[in-house]
Amino acid sequence: MSKNRLSQKASSFTESVIREMTRLAQKHGAVNLSQGFPDFAAPLSIKQAACDAILADINQYAVTWGAKPLREAIAADFTARHGVPVVPDEQITVCCGSTEAMMATMMAIVDPGDEVIVFEPYYENYGPDAILSGATPRFVRLREPGPGRPDWYYDSEELAAAFSNRTRAIIINTPNNPTGKIFRRSELEEIAALCRKWDAIAVTDEIYDHILYDGETHVAMASLEGMRERTVTINSVSKTFSVTGWRVGWTVAPADLTNGIRKVHDFLTVGAAAPLQAAAASALALPATYYADLAAGYSRRRDRLMGILESSGFVCYKPRGAYYIMTDISAFGFSDDVAFARYLVADVGVAAVPGSSFYRDPATGRTKLRFCFCKKDETLAAAEERLQKVRSSKLEVRS
Ligand SMILES: Cc1ncc(COP(=O)(O)O)c(C=O)c1O
């Protein structure tokens with residue numbers, strides 16, 4: 001068959017590298033430190049709530065923009081944490097994960113040719129999200145930490161130059177995947193001022209907002225002066241409650257934007273799974289100790305994986321939040337990150353994500369590899385044992 005039967009849009013991006021690595025991990029029986037999903041159990045009480053909801057026959061379509069108890073729980077949580085009043089009937093749309101929330105938002109706010117600013121390295125979905133919604137992405141680089149710069153940072157002039165009257169929105173992901181960067185209040189203020197100046201919308205993916213280390217705190221863009229009326233905040237239960245397979249996420253946005261998001265969402269998916277929305281509402285009622293334990297557990301895992309990787313010869317960029325470690329692999333002598341990732345998964349038995357998949361120009365990420373640590377201790381121990389092999393191969397490369 002010679003004719004390309006795919007649309008230009010579908011042809012213009014590749015399949016997800018992250019999910020491809022998960023498939024390769026399964027094929028080779030490798031320890032999967034690529035895709036960010038926990039391999040440990042979700043909290044018992046919320047699993048019980050999901051079962052109870054099914055048995056109570058909450059099995060039909062929920063209201064398309066989300067079951068009322070869940071929207072009320074999201075609004076109460078948002079207001080309590082960020083001091084921003086939210087009207088559940090007007091400002092919340094429950095979607096199939098934050099993945100759909102981002103896509104529905106982009107399709108609701110972008111016209112073809114509008115520019116959307118994206119910090120890179122970026123969570124890989126933002127690329128196809130831009131293409132499918134017709135947006136023209138404008139990338140602003142996050143630069144690696146270095147002497148005198150302990151955190152990933154952007155150049156203020158480059159950011160300001162990216163804004164114009166073609167800018168419809170900027171996507172911010174804090175805490176950030178893949179870098180672990182937390183955008184500081186001063187950085188968010190700077191972005192907010194540019195949004196106000198250029199009448200742009202801030203779309204903030206805050207899915208890791210409870211996964212913070214070393215006493216860090218999360219600042220919600222919507223809580224900044226003049227931003228609640230121009231911010232779409234995206235979140236989900238996936239990471240906070242270790243239920244990535246539930247596919248329950250949401251947007252919190254001003255009423256006019258919510259109207260558009262709801263329409264797109266309705267025709268895309270109708271709604272997220274009704275019993276899981278009921279269980280998600282119960283998850284949001286967990287006590288504060290749950291979140292403290294979550295962050296403490298991840299902090300321990302972060303330190304453990306950093307130790308393993310560093311002793312195997314990787315240079316690690318220490319994450320401040322989220323559950324990934326970006327590493328520099330230059331010292332291993334491989335020509336490229338994909339070749340190294342394939343060697344790791346097939347010959348060493350550990351799956352990670354090639355850095356190039358987080359950059360518009362793959363060449364920029366060729367010296368990087370991302371590992372996740374949302375895994376059981378025994379999984380990390382298995383990775384440690386296997387990565388011994390890399391340490392010895394590094395010694396061979398050097399000698
Ligand atoms: C930054 C970011 N946003 C969104 C998602 C997807 O979230 P969800 O499971 O809610 O669709 C991920 C998953 O890895 C992520 O890292």
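Residues numbered from 1 in each chain as written. Predicted model: local features only at pLDDT ≥ 70, side-chain atom pairs only at ≥ 80, totals over all residues. Heavy atoms only, no water.

**Q** In this structure, what is going on with the sheet that holds strand 9 (residues 315-317)? I would like to understand it.
**A** Strand pairing in a sheet relies on backbone hydrogen bonds, with the paired strands running either antiparallel or parallel. Spatially, 9-10-13-12 is the arrangement adopted by the 4 strands of the open sheet, whose pairing is antiparallel. Strands with a single pairing partner mark the edges of an open sheet, and in this sheet they are strand 9 and strand 12 (353-354). Here 2 bridges tie strand 12 to strand 13 (residues 368-372), and the two strands are oriented antiparallel to one another. What sits directly across from V353, in strand 13, is R370. Across the face of the sheet, helix 13 (residues 337-348) comes into contact with strand 12 and strand 13 while running at roughly 40° to strand 13. (Pairing = 2+ DSSP bridges. Helix = DSSP H or I, 4+ residues; strand = E, 2+ residues; numbered from the N terminus. Contact = heavy atoms within 4.5 Å. Axes fitted to C-alpha atoms, helices over the stretch in contact; angles between N-to-C directions.)

**Q** Would you mind going over the site of the ligand with me for this structure?
**A** Taken together, the neighbourhood of the ligand is formed by 15 residues, with S98, T99, D205, Y208 and S238 sitting nearest. A distance of 2.7 Å separates an oxygen atom of the ligand from a polar side-chain atom of N177. Between the ligand and S238 there is a distance of 2.7 Å, counted from an oxygen atom to a side-chain nitrogen or oxygen. Burial of the ligand by the protein chains amounts to 93% of its free accessible area of 400 Å². For the ligand, the cavity whose grid points lie within 2 Å of the majority of its atoms is the largest pocket. The element that contributes the greatest number of residues to the shell around the ligand is helix 6 (residues 97-109), accounting for 3 residues. Across the shell around the ligand, the residue classes tally to 5 nonpolar, 7 polar and 3 charged. (Near = heavy atom within 4 Å. Polar contact = N/O pair within 3.5 Å; in protein donor to acceptor, adjacent residues only side chain to side chain. Areas by Shrake-Rupley, 256 points an atom, 1.4 Å probe, with all protein chains shown as cover. 1 Å grid on protein atoms, 1.4 Å probe; cavity = no way out; pocket = protein on both sides within 12 Å on 5 of 7 lines; lining within 4 Å. Sits in = over half its atoms within 2 Å of the grid points. Nonpolar A, V, L, I, M, F, W, Y, C, P; charged D, E, K, R; others polar.)

**Q** Looking at this structure, I do not really get the layout of surface pockets. What am I missing?
**A** Any empty space left between atoms is shown by rolling a water-sized probe over those atoms. By volume, the largest pocket amounts to about 1,200 Å³. Lining the largest pocket are 48 residues, with S16, I18, R19, E124 and N125 sitting closest to its centre. Looking at the lining of the largest pocket, the elements that each hand over two or more residues are helix 2 (17-28), helix 6, helix 7 (126-133), strand 4 (136-141) and helix 13. Its residues assigned to classes, the lining of the largest pocket shows 21 nonpolar, 15 polar and 12 charged. (Points joined across faces, edges and corners; volume = space filled by probe spheres on them.)

**Q** Could you clarify how one ought to interpret the pairing of strand 2 (residues 92-95) in this entry?
**A** Regular strands show a simple pattern: their side chains alternate between the two faces of the sheet. Where burial is concerned, the two faces of strand 2 agree: the one with I92 and V94 and the one with T93 and C95 are both buried. Here strand 2 runs beside strand 8 (residues 249-252); their pairing, made up of 4 bridges, is antiparallel. Following the sheet pairing, T93 is matched in strand 8 by T251. (Buried < 20%, exposed > 50% of the residue type's maximum accessible area, 1.4 Å probe, protein only.)

**Q** So what exactly am I meant to see when it comes to empty space enclosed by the protein here?
**A** Using the criterion set out here, one finds 2 cavities of 30 Å³ or more in the structure. Taken as a whole, the largest cavity spans an internal volume of roughly 150 Å³. Forming the boundary of the largest cavity are 17 residues, of which D77, R81, D209, N235 and W250 lie nearest the centre. Within the residue set of the lining of the largest cavity, elements represented by two or more residues are helix 4 (68-82), strand 7 (231-236) and strand 8. Counting residues per element, the lining of the largest cavity draws most heavily on helix 4, which supplies 5 residues. Class assignment of the residues belonging to the lining of the largest cavity gives a composition of 7 nonpolar, 6 polar and 4 charged. In this structure, the second largest cavity spans a volume of roughly 50 Å³. Every residue along the wall of the second largest cavity is listed here: V118, F119, P121, Y122, Y123, Y126, I171, I172, N173 and N176. Breaking the lining of the second largest cavity down by element, the ones donating at least two residues are strand 3 (115-120) and strand 5 (167-173). Among the elements that line the lining of the second largest cavity, the one with the most residues is strand 5, at 3 residues.

**Q** What am I meant to see in the state of the cysteines here?
**A** Two cysteines joined by a covalent bond between their sulfur atoms form a disulfide. Tallied over the full model, the rule gives 0 disulfides. Here C95 is not disulfide-linked; the sulfur of C96 is the nearest cysteine sulfur, at 7.2 Å. For C95, a relative accessible area of 0% corresponds to the buried category. Cysteine C372 shares no disulfide, and the gap to the nearest cysteine sulfur, in C374, comes to 3.9 Å. (Disulfide = S-S within 2.5 Å.)

**Q** Would you mind going over the sheet that holds strand 5 with me for this structure?
**A** With mixed pairing, 7 strands are arranged side by side in an open sheet as 2-8-7-6-5-3-4. For this open sheet the edge positions go to strand 2 and strand 4, each flanked by a neighbour on one side alone. Taking the axes of each pair of neighbouring strands and ignoring which way they run, one obtains an average angle of 20° across the sheet. Pairing analysis gives 4 bridges linking strand 7 to strand 8, with the strands arranged antiparallel. By the bridge assignment, T233 is partnered in strand 8 with V252. Against the sheet, helix 6 touches strand 2, strand 3, strand 5, strand 6 (201-205), strand 7 and strand 8, its axis set at about 160° to strand 7. Against the sheet, helix 9 (residues 185-198) makes contact with strand 3, strand 5 and strand 6, and its axis sits at roughly 165° relative to strand 5, the strand it touches most.

**Q** Before we go on, may I ask you to explain the pattern of salt bridges in this structure?
**A** When the charged atoms of two side chains lie near each other, side chains of opposite charge can form a pair. Within this structure, the stated rule accounts for 21 salt bridges. Residue E187 is joined to K181 by a salt bridge in which the shortest nitrogen-to-oxygen separation is 2.8 Å. We note that E187, like K181, is buried. The partner of E384 in a salt bridge is R304, with the nearest N and O atoms 2.8 Å apart. You can see E384 sitting in helix 14 (residues 377-398) and its partner R304 sitting in helix 12 (residues 288-311), a full 80 residues away along the chain. Taking the relative accessible area as the measure of exposure, R304 reaches 31% and is therefore partly exposed. The network of salt bridges with shared partners includes K68, R71, E72 and D89. (Salt bridge = Lys/Arg side-chain N within 4 Å of Asp/Glu carboxyl O.)

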